[in-house]
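Given next are the chains, with one letter for each unit.
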Amino acid sequence: MPTHQDMTTDLAPGVLDALQHQVAVFARRAEQTRLGGVGRVHNSMDRAAYLLLNRLDQEGPMGVKALAAGMGIDSSTVTRQVAPLVDTGLVKRTSHPEDGRAVVLQLSPRGKARLEEVRASRRELMALVTEGWTENEREVFCTLLTRFNGALSDIHFTQPGPVPPAS
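Residues numbered from 1 in each chain as written. Predicted model: local features only at pLDDT ≥ 70, side-chain atom pairs only at ≥ 80, totals over all residues. Heavy atoms only, no water.

Undergrad: For this particular structure, what's the right way to read the nonpolar core?
TA: Buried together is how nonpolar side chains tend to be arranged in soluble globular proteins. Formed by 18 residues in total, the largest nonpolar core has its most connected members in Leu 53, Leu 56, Leu 67, Val 82, Leu 85 and Val 91. At the level of secondary structure, the elements contributing two or more residues to this core comprise α3 (47-59), α4 (64-71), α5 (75-87), β2 (103-107) and α6 (109-129). Broken down by element, this core gets its largest block of residues, five residues, from α3. In this structure, Leu 53 is in contact with Met 45, Leu 85, Leu 90, Val 91, Leu 107 and Leu 115, ignoring residues within four places of it in sequence. (Core = buried A, V, L, I, M, F, W, Y, C linked by side-chain atoms within 4.5 Å. Buried < 20%, exposed > 50% of the residue type's maximum accessible area, 1.4 Å probe, protein only. Helix = DSSP H or I, 4+ residues; strand = E, 2+ residues; numbered from the N terminus. Contact = heavy atoms within 4.5 Å.)

Structure follows, in structure tokens:
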């Protein structure tokens, strides 16, 4: 069975070098702008908050463990990131409908409105950035970026952890 090293030696290094460089530039620019949008909403919601609110909006109320698992992060990180969202009223904690002892996180009406405001601003930014593109080019880019992110996620979750020292 070929290893990752075997597979990369069969590929042209020029394209792979250009790709890794462009991904690094993209990551830097995305962090610099936070891809926050345009107008008064620009940079007004950090990445973690946006991803959490978006997940709750798309999948509905859920517990911390389910939210963490779905996002590929640990529960303590979700708990830490959700706290300010609860404090500002964007997320509310409610009791689980079947198990009153369990806590469920839910997007509040205020959170839904704020998320839509940020989404609108980000849509405007994406339209501006891809202004000279055809609709097909936007769709192809989105498809390839989705595929790229999925592959990164798959590698992240299938890579073995550090090997403990022999005792």
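Additional details are given in the paragraphs that follow.
Undergrad: Help me understand α6, please; the structure alone is not making it clear to me.
TA: Since the α-helix packs 3.6 residues into each turn, any two residues three or four apart lie on the same face. Counted at 1.5 Å a residue, the expected span for α6 with its 21 residues is 30 Å, and the 30 Å between its end C-alpha atoms agrees. Along α6, the positions that sit buried rather than exposed are Gly 111, Arg 114, Leu 115, Val 118, Arg 119, Ser 121, Arg 122 and Leu 125. Considered in projection along α6, the buried side chains sweep an arc of 170° and stay on one side of the axis. Opposite the buried face of α6, by more than 90 degrees, sit the exposed residues Pro 109 and Leu 128. Summarising the contacts, the buried residues of α6 are in contact with α3 and β2. (Expected span 1.5 Å × (residues − 1). Arc of directions from axis to C-beta.)

Undergrad: What's the story with α5 in this structure? I'm lost.
TA: With 13 residues, α5 should cover 18 Å at 1.5 Å per step; its first-to-last C-alpha distance of 18 Å lies within 8% of that length. Taken residue by residue, α5 has Thr 77, Val 78, Val 82 and Leu 85 as its buried positions. Its buried side turned inward, α5 meets α3, α4, β1 (91-95) and β2. A positive phi of about 80° marks Gly 89, the residue just after α5.

Undergrad: How should the pattern of salt bridges be read in this particular structure?
TA: Any two side chains of opposite charge can pair, on the condition that their charged atoms come close. A complete count under the given rule lists seven salt bridges for this structure. In this structure, Asp 57 and Arg 119 form a salt bridge, with 2.9 Å as the shortest nitrogen-oxygen distance. Here Arg 119 lies in helix α6 and Asp 57 lies in helix α3, a separation of 62 residues in the sequence. Here Asp 57 falls in the partly exposed class, since its relative accessible area comes to 22%. We note a salt bridge from Glu 117 to Arg 114, for which the minimum N-O separation is 2.7 Å. Note that Glu 117 and Arg 114 are positioned in helix α6 at a spacing of three residues, about one turn of the helix. Each member of the salt-bridge network shares a partner with another, and the members are Asp 57, Lys 112, Glu 116, Arg 119 and Arg 123. (Salt bridge = Lys/Arg side-chain N within 4 Å of Asp/Glu carboxyl O.)

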